[in-house]
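# Coordinates in review
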Amino acid sequence: MVKLKMMLVDDEERFLQTTSKLLMKKGYNVITALSGEEALEKLKSHNINVVILDVKMPGMDGNTTLLEIKRLYPMVEVIMLTGHATVESAVSGLQSGATDYLMKPADIEDIIEKAEIAFAKIQRLEEKIRSALMKKFMKSPREILKNSEN
Amino acid sequence: MLKKEDYIKIRKIVFTSMLLVPAIPFILALSIGYYYFTTSLEKSTISNLKRVAKDHGQMIDAFLSERKSNISFILHSYKLDTLTDAGMLQNIFKKLKQEFPAFIDLGIFNQDGIHIAYHGPYELIGKDYGNKEWFKEVMEKDQYTSDIFLGYRKTPHFVIALKKNDKGNAWIIRATIDTFMFNKLVKDVRIGKTGEAYIINKSGILQTERRSGGILMGKSENDLKYLNPNTAIEFLNQDKKYVYATTWIKNDNWMLIARQEKADAFKAVNKASRLIIYISIAWGICIIFAVFLITERIIRLLKKMDREKEQLNQQLIGASRLVELGEMAAGFAHEINNPLQIIQSEQSFMELNLSELIKAEQLKGSEFIDELKDSIKQIKLQVFRCSKITQQILKFGRQSEPEKKEIDIKIFIPEIIEIIAKKAFVHGIEIKQDIALNLLPVYGDISQLQQVLLNLFNNAIDAIIERHGVSGGELIVKSELKNNKDVEISMSDNGAGINPENLKKIFSPFFTTKSVGKGTGLGLSVCYGIINNMGGKMEVNSQIDVGTTFTIFLPAYV
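Structural notes, computed from the coordinates. From a predicted model like this one, the values you see are computed outputs, not experimental measurements.

## Examining the overall build of chain B
When helices and strands are tallied, chain B shows twelve helices and 15 strands. Taken over 558 residues, chain B has a buried fraction of 40%. A separation threshold of at least 6 residues defines the contact pool for chain B, and within that pool the share at least 24 residues apart is 60%. With an accessible surface of roughly 31500 Å², chain B has 56% of that area assigned to carbon and sulfur atoms.

Encoded structure:
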């Protein structure tokens with residue numbers, strides 16, 4: 001079973017520290033980033049499944065970061081963390097491809113729950129991709145060769 | 001807002017300008033009219049007098065010259081021998097009297113002034129007139145017309161004497177004429193009430209009777225000074241003022257005076273001026289009254305406008321303050337959420353650590369652990385409470401566009417009522433609805449409007465419970481068409497009511513009368529903001545122990 005690997009992105013360092021410690025204690029693999037830029041940087045080297053992304057950040061804000069992540073890593077699920085309780089900002093996030101949104105202050109249990117759901121979604125999606133590939137390979141095993149050639 | 005002194009000043013300016021502006025042309029027109037009227041009347045009065053004087057003067061002159069020609073005719077038609085014959089003279093006199101009945105007598109004088117023939121009522125033959133003035137004058141100038149005198153006869157008369165030179169032998173014919181005829185002619189002149197005419201000679205002796213007093217032959221001293229000009233108008237400054245017109249007659253020996261009392265002559269002028277004065281006074285009173293009323297009206301309107309402006313200003317200030325407050329609160333809430341998030345995480349972390357410690361039996365069971373657990377739980381509760389507050393603040397201060405669409409009020413309201421019907425029923429509240437069917441749709445975010453109405457319903461239910469407990473509550477929801485298009489929704493409860501002090505602050509954020517923790521004081525301010533965003537208005541009316549009515553006006557969506 002593949003383990004859920006999360007990344008927390010927020011400009012509040014203390015929040016990142018405590019929350020990541022908490023999540024690690026609960027058995028999750030967590031890394032943190034203090035800005036959108038850092039998050040994109042870390043995504044390059046880490047295999048992240050779910051990003052918990054703060055909307056309001058100095059520099060690159062949450063929505064821009066979201067768009068970048070979705071463009072570069074479509075398989076990464078993003079959960080928006082908003083201090084603003086408006087449905088609108090959440091809606092715009094969802095429209096840009098976020099899986100879900102959380103309102104600050106978010107309970108750790110809620111974060112975990114939403115992250116798990118997102119992760120499950122990824123897994124379902126990966127499963128589908130796998131089985132589609134399998135079918136393809138079953139039909140013509142030569143494809144494997146072709147693929148390996150590529 | 002204008003001050004009391006400003007109003008007094010404005011009132012003064014309006015009053016005086018409104019009074020003066022029409023008064024100046026009015027007075028100007030009146031005075032010009034008065035001037036032309038009086039001068040033309042004066043002119044016509046004076047020319048009338050002049051005409052009377054001239055006409056009558058001519059008449060007297062004609063009379064005198066006629067009489068003179070009567071005598072002259074005799075003088076030239078008959079020889080002296082014929083005239084000195086008593087019978088013939090009587091015959092001639094008879095004929096003369098037929099011609100003109102005022103002849104009294106007829107006499108003939110020789111060049112020495114001896115009366116040589118006479119026909120008349122007196123015995124005058126043989127009398128010597130050689131020294132008399134008239135005789136001397138006729139001898140010198142060939143003719144003489146006397147002033148009027150009484151003579152022996154004691155009746156007013158005058159004489160005309162003419163001289164004839166008959167081959168170096170001069171003789172004179174003289175006739176006496178009663179002045180009755182021309183006295184009447186002059187005396188009968190009537191102009192207005194006091195206008196009259198009379199004749200004086202150069203010595204100021206009245207030659208005709210004067211109607212206003214002054215007997216024949218009496219002296220009229222005052223008139224003497226008018227003897228100089230030919231035709232003149234002057235005013236006599238005695239007890240009465242007169243307008244005069246004079247003309248010389250009888251070769252500048254007599255003066256005919258036509259005069260009229262000034263008061264009488266200018267009666268029409270005086271009457272007109274009195275009328276003008278009355279009209280002016282009446283006009284003045286009317287105008288002052290009207291101007292006063294208009295000024296008061298203007299001031300009243302001004303005050304009303306000023307008040308309305310002030311109200312509008314206050315409303316605007318109130319509205320903008322609400323918006324500012326909302327924005328500030330939203331920013332504040334947003335900032336609070338970040339530390340809240342940290343507290344939340346820390347709390348979770350503490351809770352986790354504590355439970356792990358307990359699990360690992362590193363902490364010995366004691367009451368402190370329970371207290372600690374309780375405290376940690378409390379932190380979580382309070383963070384939750386804070387987050388609820390910030391969420392509400394953020395809702396109030398939201399700036400982003402809500403999802404707007406057409407809302408059919410007549411379907412929408414019953415739906416809302418259905419939601420709260422159960423809660424109302426539980427508390428013994430009867431809901432009456434009166435929704436007009438001709439309502440036009442409004443435009444807005446349906447969930448927001450829902451929030452507004454639910455908020456109002458909840459407040460109403462709370463107020464009813466406060467006053468009535470669980471029975472006797474009544475909630476009336478009304479919706480009707482206003483101004484043919486706008487929608488008015490009113491919600492009246494018979495609850496506890498709101499005191500006037502609180503009513504003023506009812507839409508202010510964070511204002512609440514509920515106990516701590518029961519309400520954030522944001523509900524109504526959020527409602528207010530929503531309705532405002534929809535282009536509507538929200539009003540409240542309340543009376544303690546009677547009830548509260550919230551009224552929402554929404555523009556129709558067309």
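## Concerning the sheet that holds strand 6 (residues 196–201) of chain B
Residues and elements named next belong to chain B. The strand order 6-8-7 describes an open sheet built from three strands, whose pairing is antiparallel. Sheet topology places strand 6 and strand 7 (242–249) at the edges, where each strand pairs with a single neighbour. Strand-to-strand, the axes of this sheet are offset by a mean angle of 25 degrees, without reference to chain direction. As paired elements, strand 7 and strand 8 (residues 254–261) share eight bridges and run antiparallel to each other. Along strand 8, the bridge assignment pairs I249 with W254.

## What to know about the pattern of salt bridges
Counted by the stated rule, this structure contains 27 salt bridges over all chains. Between K42 of chain A and E38 of chain A there is a salt bridge whose closest N-O contact spans 2.9 Å. Linking K42 of chain A with E38 of chain A, this pair stays in helix 2 (residues 36–45), spanning four residues, or about one helical turn. On the basis of relative accessibility, which here comes to 26%, the residue K42 of chain A falls in the partly exposed class. Residue K141 of chain B is joined to E137 of chain B by a salt bridge in which the shortest nitrogen-to-oxygen separation is 3.8 Å. Here E137 of chain B and K141 of chain B lie together in helix 4 (residues 133–141), a separation of four residues that amounts to about one turn. By relative accessible area, which is 30% here, E137 of chain B ends up partly exposed. Within the structure, one salt-bridge network assembled from shared partners comprises D10, D54 and K104 of chain A.

## What about the sheet that holds strand 4 (residues 157–166) of chain B?
All names here are of chain B. A sheet is described by the order of its strands in space; here five strands give the open sequence 2-1-5-4-3, paired in antiparallel fashion. Both outer strands of the open sheet, strand 2 (115–119) and strand 3 (143–145), are each paired with one neighbouring strand and no more. Shown here is a sheet whose adjacent strand axes are inclined to one another by a mean of 15 degrees, direction ignored. Pairing of strand 4 with strand 5 (residues 169–178) involves ten bridges; the strand directions are antiparallel. Each residue of the ladder has a partner; that of F158, found in strand 5, is I177. On the sheet, helix 3 (residues 86–99) packs against strand 1 (103–110) and strand 2 and is oriented at approximately 140 degrees with respect to strand 1. Along the sheet, helix 4 makes contact with strand 1, strand 3, strand 4 and strand 5, crossing strand 3 at roughly 140 degrees.

## Here we look at helix 9 (residues 409–426) of chain B
Residue and element names in this part refer to chain B. A rise of 1.5 Å per residue sets the reference length of helix 9, with its 18 residues, at 26 Å; its end C-alpha atoms lie 26 Å apart and thus fit the reference within 8%. At I420, helix 9 is deflected by roughly 45 degrees, the largest bend along its length. Every buried residue of helix 9 is listed here: I409, F412, I413, I416, I417, I420 and A424. Where helix 9 is buried, its residues contact strand 9 (405–407), strand 10 (429–435), strand 11 (442–444), helix 10 (446–468), strand 12 (473–482) and strand 13 (486–493).

## Considering the interface of chain B and chain A
Taken residue by residue, the interface counts 24 residues in chain B and 22 residues in chain A. Between chain B and chain A lies a buried interface of about 2200 Å² when both sides are counted; carbon and sulfur atoms form 58% of it. Together, H334, Q341 and F349 of chain B form the three largest contributors to the area buried by chain B at its contact with chain A, with a combined 26%. Across the chain B-chain A interface, the total number found is four salt bridges.

## Comments concerning the environment of R259 of chain B
Take R259 of chain B: it is sitting in strand 8. Considering only alpha carbons, one finds R259 of chain B and I46 of chain B, 213 residues apart in sequence, at a separation of 9.3 Å.

## Things to note about the packing of helix 1 (residues 4–77) of chain B against helix 5 (residues 180–187) of chain B
Residues and elements named next belong to chain B. In the contact formed by helix 1 and helix 5, the axes pass within 10 Å of each other and the chain directions differ by 170 degrees. The angle between the axes of helix 1 and helix 5 places the two elements in the roughly antiparallel class. Listed contacts from helix 5 to H56, M59, I60 and F63 of helix 1 are M181, F182, L185 and V186. In terms of residue class, the contact of helix 1 with helix 5 is made up of seven nonpolar, one polar and no charged.

The rules behind the values
- Residues numbered from 1 in each chain as written.
- Chains lettered and ligands numbered in written order.
- Predicted model: local features only at pLDDT ≥ 70, side-chain atom pairs only at ≥ 80, totals over all residues.
- Heavy atoms only, no water.
- Helix = DSSP H or I, 4+ residues; strand = E, 2+ residues; numbered from the N terminus.
- Buried < 20%, exposed > 50% of the residue type's maximum accessible area, 1.4 Å probe, protein only.
- Contact = heavy atoms within 4.5 Å.
- Areas by Shrake-Rupley, 256 points an atom, 1.4 Å probe, with all protein chains shown as cover.
- Pairing = 2+ DSSP bridges.
- Axes fitted to C-alpha atoms, helices over the stretch in contact; angles between N-to-C directions.
- Salt bridge = Lys/Arg side-chain N within 4 Å of Asp/Glu carboxyl O.
- Expected span 1.5 Å × (residues − 1).
- Bend = angle between axes of the 7 residues up to and from the residue.
- Buried area = accessible area lost by both parts, 1.4 Å probe.
- Parallel < 35°, antiparallel > 145°, perpendicular 65-115°, else oblique.
- Nonpolar A, V, L, I, M, F, W, Y, C, P; charged D, E, K, R; others polar.

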